[in-house]
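# A look at the structure
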Amino acid sequence: MNTTKISGKKRFGKIPEPLLVLIIIALFGLVYLFGYQLRPPVGNDYYRDMKELLSKEPATSYEITTVEKDSPILIVAPYGGKTVLYTSTISRGIAGDTFNLFDFSGRLDTGNYERLHISSVNYNVPVLEAMNKKAQITLSVSGNTSEDNRLTYIGGLDEEGSVLVRNALRSAGFDAELAPSEFQGKDPKNFVNRNANGAGIQLVITQRQRKALFNNTRESEPNDRFDRYVKAISD
């Protein structure tokens, strides 16, 4: 008995090239989407990135403040308010009335760091990204919990700027040094390095140093040391 085989090509015909391209794009999109949904947060971060935080966290949990000036310099407090205490006020002091400012302030009663901290490589706030693209110099102000000494670690890919800030702080009577490996901030994906020059400056200020800039450790009472600190950087 004679049998006739019908090939797939004859049964379905050739897929038009434009349709094939659309199918491939759709498949890549699905892979990316599901990959993103399954991607775990970095370290102890609660959310994968800032876009997820902003889409899921109640607006009462935080406050975003932006100030735009005719300046090539952007000062950023990525973990301000109650997330890393004192960093909002220090950032605003450095920015003064001259530099651009972005301040993300945690407003939860408790657990701000655990809930609102996002690693710098995943810090993709749209308004910050827009400001950063126009900035020639970006300086972020953060901190750690160390009470061992009064010290500012300085990192980021802007090595020349980092040295200038270190020297300025030392000249003003503050201990400052280039950051060790855990605070280096040299990942190109770090938001501080995603400005117009692809290099920024990252400050990590010990808790003991931050407290020393305020009377009675009250953030509402900056002292003379605070004035010297922010002036050393802003000048």
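Note: the structure precedes this text.
Criteria and cut-off values
- Residues numbered from 1 in each chain as written.
- Predicted model: local features only at pLDDT ≥ 70, side-chain atom pairs only at ≥ 80, totals over all residues.
- Heavy atoms only, no water.
- Pairing = 2+ DSSP bridges.
- Helix = DSSP H or I, 4+ residues; strand = E, 2+ residues; numbered from the N terminus.
- Axes fitted to C-alpha atoms, helices over the stretch in contact; angles between N-to-C directions.
- 1 Å grid on protein atoms, 1.4 Å probe; cavity = no way out; pocket = protein on both sides within 12 Å on 5 of 7 lines; lining within 4 Å.
- Points joined across faces, edges and corners; volume = space filled by probe spheres on them.
- Nonpolar A, V, L, I, M, F, W, Y, C, P; charged D, E, K, R; others polar.

### A word on the sheet that holds strand β6 (residues 176-178)
Pairing is mixed across the open sheet formed by seven strands, whose spatial order is β1-β3-β2-β4-β7-β5-β6. If you trace the sheet from one side to the other, it starts and ends with β1 (62-67) and β6, each paired once. The sheet shows a mean angle of 15° between the axes of neighbouring strands, taken without regard to direction. Bridging between strand β5 (residues 152-155) and strand β7 (residues 201-205) involves four bridges; their strand directions are antiparallel. From the neighbouring strand, Thr-152 faces β7, where its bridge partner is Ile-205.

### What about the layout of surface pockets?
Counted as a void, the largest pocket has a volume near 500 Å³. Residue lining of the largest pocket: 29 residues in total, with Tyr-79, His-117, Ser-142, Phe-183 and Val-204 positioned closest to the centre. Those elements that provide at least two residues to the lining of the largest pocket are β2 (73-81), β4 (137-143), β7 and α8 (207-212). Here the second largest pocket is characterised by a volume of approximately 260 Å³. Every residue lining the second largest pocket is counted, 15 residues in all, and those nearest its centre are Ile-73, Ile-137, Val-165, Ile-201 and Ile-233. Secondary structure elements with two or more residues in the lining of the second largest pocket: β2, β4, α7 (159-171) and α9 (224-234). Among the elements that line the lining of the second largest pocket, the one with the most residues is α7, at four residues. Within the lining of the second largest pocket, the residues separate by chemical class into twelve nonpolar, two polar and one charged.

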